[in-house]
Each structure stands twice: as C-alpha cells, then as structure tokens.
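# Summary of the model geometry
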Amino acid sequence: MTGRQLGPAALGLLAFAAACVLWLPGLGDGGLWSDVELPVFDRARASLGLALSGLERSPPLPDALRSASVRLLGASTFAIRLPHALSAAALVGLAVGWA
C-alpha cells in the first residue's frame, strides 16, 4: 500500500505556508534602522499624502505594495516588510512546486 503523493501545486502551497510561519512572526521586530529601510518608509508615507521632498526613486510596484500595506495596517515596520516577506515566501513556494 502506497501513500498518496502531493502534486506540485500542493507542495508549493505547503512550502509557502511554511515560509510564512517562519518569517512572519518576527517581521515587525527590530525597528526601521537600516539606511535602506528608512527611504522606503518615507516613500510609503509620501504616497499616502505626507508632503516630503528629496525622495529617492524606486520601481513603482514595490512602492505601491508597501503603500497599500501601510494604508491597511498602519505605519509600522511590519507593514513595510510584509509585501517583501510574502513575495519571498511565494518564490519559495514556486521553487518547490516547480522542482
């Protein structure tokens, strides 16, 4: 008697869920302290109407995702980092499902 094997899509979803379980709990810990995260936070706040000048340019999709996250979850380190963590978890799921 053989066990039922999971298909690629199920394995990918399982890997995505595992990555989320590992990454999301501590996502908001540590604060915004790097030179990379502070301009990202400023761009997200500017897209919500805060008047800021001297902002660095970046690709529009990541900024749009971060702005939506800040709009929904409030201005926090968790909200800034969430879109990238979910994207990374999705890549893990795709890599596992594709393999």
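See above for the structure.
First things first, this report covers the structure right here in the doc. Just so you know, these numbers come straight off a predicted model, no measurement behind them.

One pass over the full model with this rule turns up 1 salt bridge. Salt-bridge contacts for Arg 66 lead to Asp 63; the nearest nitrogen and oxygen are separated by 2.4 Å. You can see Arg 66 and its partner Asp 63 sitting in helix α3 (residues 60–73), 3 residues apart, about one turn around the helix. Residue classification places Arg 66 among the buried residues on the basis of a relative accessible area of 6%. You can call Asp 63 buried: its relative accessible area is 15%.

Turning our eyes to something else, we now look at the side chain of Ser 67. Its place among the elements puts Ser 67 in helix α3. By relative accessible area, Ser 67 is classed as buried at 5%. Ignoring anything within four residues of it in the chain, the contact list for Ser 67 reads Arg 43, Ala 44, Ser 47 and Leu 48.

Attention now goes to the packing of helix α2 (residues 37–47) against α3. Each pair of packed helices gets described by two things: the angle between the helix axes and the distance between those axes. It is the contact of α2 with α3, at a shortest axis distance of 9 Å, that shows an interaxial angle of 70°. Considering the angle they form, α2 stands roughly perpendicular to α3. Considering how the two elements wind past one another, α2 and α3 form a crossing that is right-handed. Counted together, Val 40, Arg 43, Ala 44 and Ser 47 of α2 and Asp 63, Arg 66, Ser 67 and Val 70 of α3 form the full contact between these two elements. Here the residues of the contact of α2 with α3 are counted per class, giving 3 nonpolar, 2 polar and 3 charged.

Nonpolar side chains in soluble globular proteins tend to end up buried together. Val 40, Phe 41, Ala 44, Val 70, Ala 79 and Ile 80 form the largest nonpolar core, which has 6 residues in total. Listed by contribution, the elements that provide at least two residues to this core are α2 and α4 (77–98). The dominant element in this core, judged by the number of residues it contributes, is α2, at 3 residues. In contact with Ala 44, not counting residues within four places along its chain, are Arg 66, Ser 67, Val 70 and Ile 80.

Thresholds, definitions, all that
- Residues numbered from 1 in each chain as written.
- Predicted model: local features only at pLDDT ≥ 70, side-chain atom pairs only at ≥ 80, totals over all residues.
- Heavy atoms only, no water.
- Salt bridge = Lys/Arg side-chain N within 4 Å of Asp/Glu carboxyl O.
- Helix = DSSP H or I, 4+ residues; strand = E, 2+ residues; numbered from the N terminus.
- Buried < 20%, exposed > 50% of the residue type's maximum accessible area, 1.4 Å probe, protein only.
- Contact = heavy atoms within 4.5 Å.
- Axes fitted to C-alpha atoms, helices over the stretch in contact; angles between N-to-C directions.
- Parallel < 35°, antiparallel > 145°, perpendicular 65-115°, else oblique.
- Left-handed = near helix turned anticlockwise from the far one by under 90°.
- Nonpolar A, V, L, I, M, F, W, Y, C, P; charged D, E, K, R; others polar.
- Core = buried A, V, L, I, M, F, W, Y, C linked by side-chain atoms within 4.5 Å.

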